[in-house]
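Reading the structure
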Amino acid sequence: MNQPARSPWGHEDRFGGAGAHAARALADHEVEDSTERWPHGISRRATMRISDVLRALRTEFPGVSHSKLRFLEEQGLIEPERTPSGYRQYSPADVERLRYVLLEQRDRYLPLKVIKENLAALDEGEVVENPAPRLATNGGEPERAVTRQKYTVATLASTAEVDVSLVEGLISAGVLRQAPGGQLDAWSLEVVQLAAALSEYGIEPRHLRLLRTSADRHVGLVEQVVAPWRSQQSASARAHASTLAGEVGELFAKLHTVWVRQGVGDLTS
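Residues numbered from 1 in each chain as written. Predicted model: local features only at pLDDT ≥ 70, side-chain atom pairs only at ≥ 80, totals over all residues. Heavy atoms only, no water.

Notes on the packing of aromatic side chains
- Under the definition given, this model contains 1 aromatic pair.
- Aromatic pair Trp38 and Tyr100: ring centres 5.4 Å apart, planes at 65 degrees, arrangement edge-to-face. One end of the pair, Trp38, is in the loop between α1 (16-34) and α2 (50-57); the other, Tyr100, is in helix α4 (residues 92-108), and 62 residues separate them in sequence. Per residue, the accessibility class of Trp38 equals that of Tyr100, and both read buried. (Phe/Tyr/Trp six-rings, centres within 6.5 Å; stacked < 30°, edge-to-face > 60°. Helix = DSSP H or I, 4+ residues; strand = E, 2+ residues; numbered from the N terminus. Buried < 20%, exposed > 50% of the residue type's maximum accessible area, 1.4 Å probe, protein only.)

Description of unusual backbone geometry
- Here the amide bond leading from Trp38 into Pro39 is cis, since omega sits at 0 degrees, within 30 degrees of zero.
- With respect to the helices and strands, Pro39 occurs in the loop between α1 and α2.
- The backbone of Glu161 shows a phi angle near 60 degrees, a positive value even though the residue is not glycine.
- Tracing the chain through its elements places Glu161 in the loop between α6 (153-160) and α7 (164-172).
- Residue Glu161 is classed as exposed on the basis of its relative accessible area, which comes to 72%.

Section: the side chain of Ser67
- Mapped onto the secondary structure, Ser67 falls in helix α3 (residues 66-74).
- A polar side-chain atom of Ser67 sits 2.9 Å from a polar atom in the side chain of Ser65.
- With near-sequence residues (within four places) excluded, Ser67 lies in contact with Ala235, Ser236 and Ala239. (Polar contact = N/O pair within 3.5 Å; in protein donor to acceptor, adjacent residues only side chain to side chain. Contact = heavy atoms within 4.5 Å.)

Concerning the pattern of salt bridges
- Taken as a whole and judged by the stated rule, the model has 13 salt bridges.
- For Asp216, the salt bridge goes to Arg177, with nearest N and O atoms at 2.5 Å. Taken as a pair, Asp216 in helix α9 (residues 205-230) and Arg177 in the loop between α7 and α8 (187-199) lie far apart in primary sequence, 39 residues in all.
- Exposure remark for Asp216: the relative accessible area of 28% places this residue in the partly exposed category.
- Linking Glu204 and Arg206 is a salt bridge whose minimum nitrogen-to-oxygen distance equals 2.9 Å.
- Salt bridges sharing partners connect three or more residues here, namely Arg37, Glu79, Arg97 and Asp123. (Salt bridge = Lys/Arg side-chain N within 4 Å of Asp/Glu carboxyl O.)

Now the structure itself:
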């Protein structure tokens with residue numbers, strides 16, 4: 001006597017082999033549907049705790065925190081699964097979406113609204129300019145990124161391939177500022193490289209002091225904008241302040257660029 005076919009869930013299928021095949025096809029279809037969101041080809045099995053996610057991201061984004069992840073979740077940029085007891089669990093694909101959001105904030109200063117729209121477009125299979133995703137894992141292990149380092153005057157000059165006197169001149173002019181221990185942060189490298197390029201046109205460190213003063217004033221205005229959120233004790237408010245500061249700061253930078261280009265255009269018209 002023929003034995004009844006068994007379904008993929010372990011119980012007997014009253015409809016025999018055809019019914020079992022249909023059930024398997026349905027299950028396969030459900031798996032395909034669950035992997036449609038961007039990024040593709042990365043596991044969506046939610047087994048990572050929030051501490052695992054922070055460990056995977058903090059090498060590249062030292063400032064990321066529990067409150068930052070919760071804020072991004074509140075804004076609809078990430079949707080971790082919840083265990084029956086209410087704990088959040090993330091998948092490697094979730095980590096990639098988080099990395100994309102953090103990269104776009106840090107490197108392009110895009111507003112969260114725009115980042116969310118870009119993610120929605122990626123989910124639909126559209127091509128988005130410079131999505132810049134990098135795999136969170138390499139052979140199952142978190143991929144380590146280069147940590148933003150600190151410099152001494154000598155190491156900064158060596159890395160930028162400039163004379164030590166240029167770095168010292170930028171410090172004396174107040175364009176570069178040393179930490180109490182005498183170290184210079186990672187942003188200093190780009191400042192020195194740009195200053196070196198400008199020196200080819202006769203622009204000296206003392207000429208850049210005014211630009212630095214102007215930038216400080218911009219930062220002061222940003223600080224005024226985010227002050228109401230920074231003064232609050234809630235983690236969500238402080239995360240909002242961090243996001244808002246990046247967005248407003250980028251708008252100031254773009255406005256400054258427009259004015260410089262306008263003035264240069266007037267010179268060449």
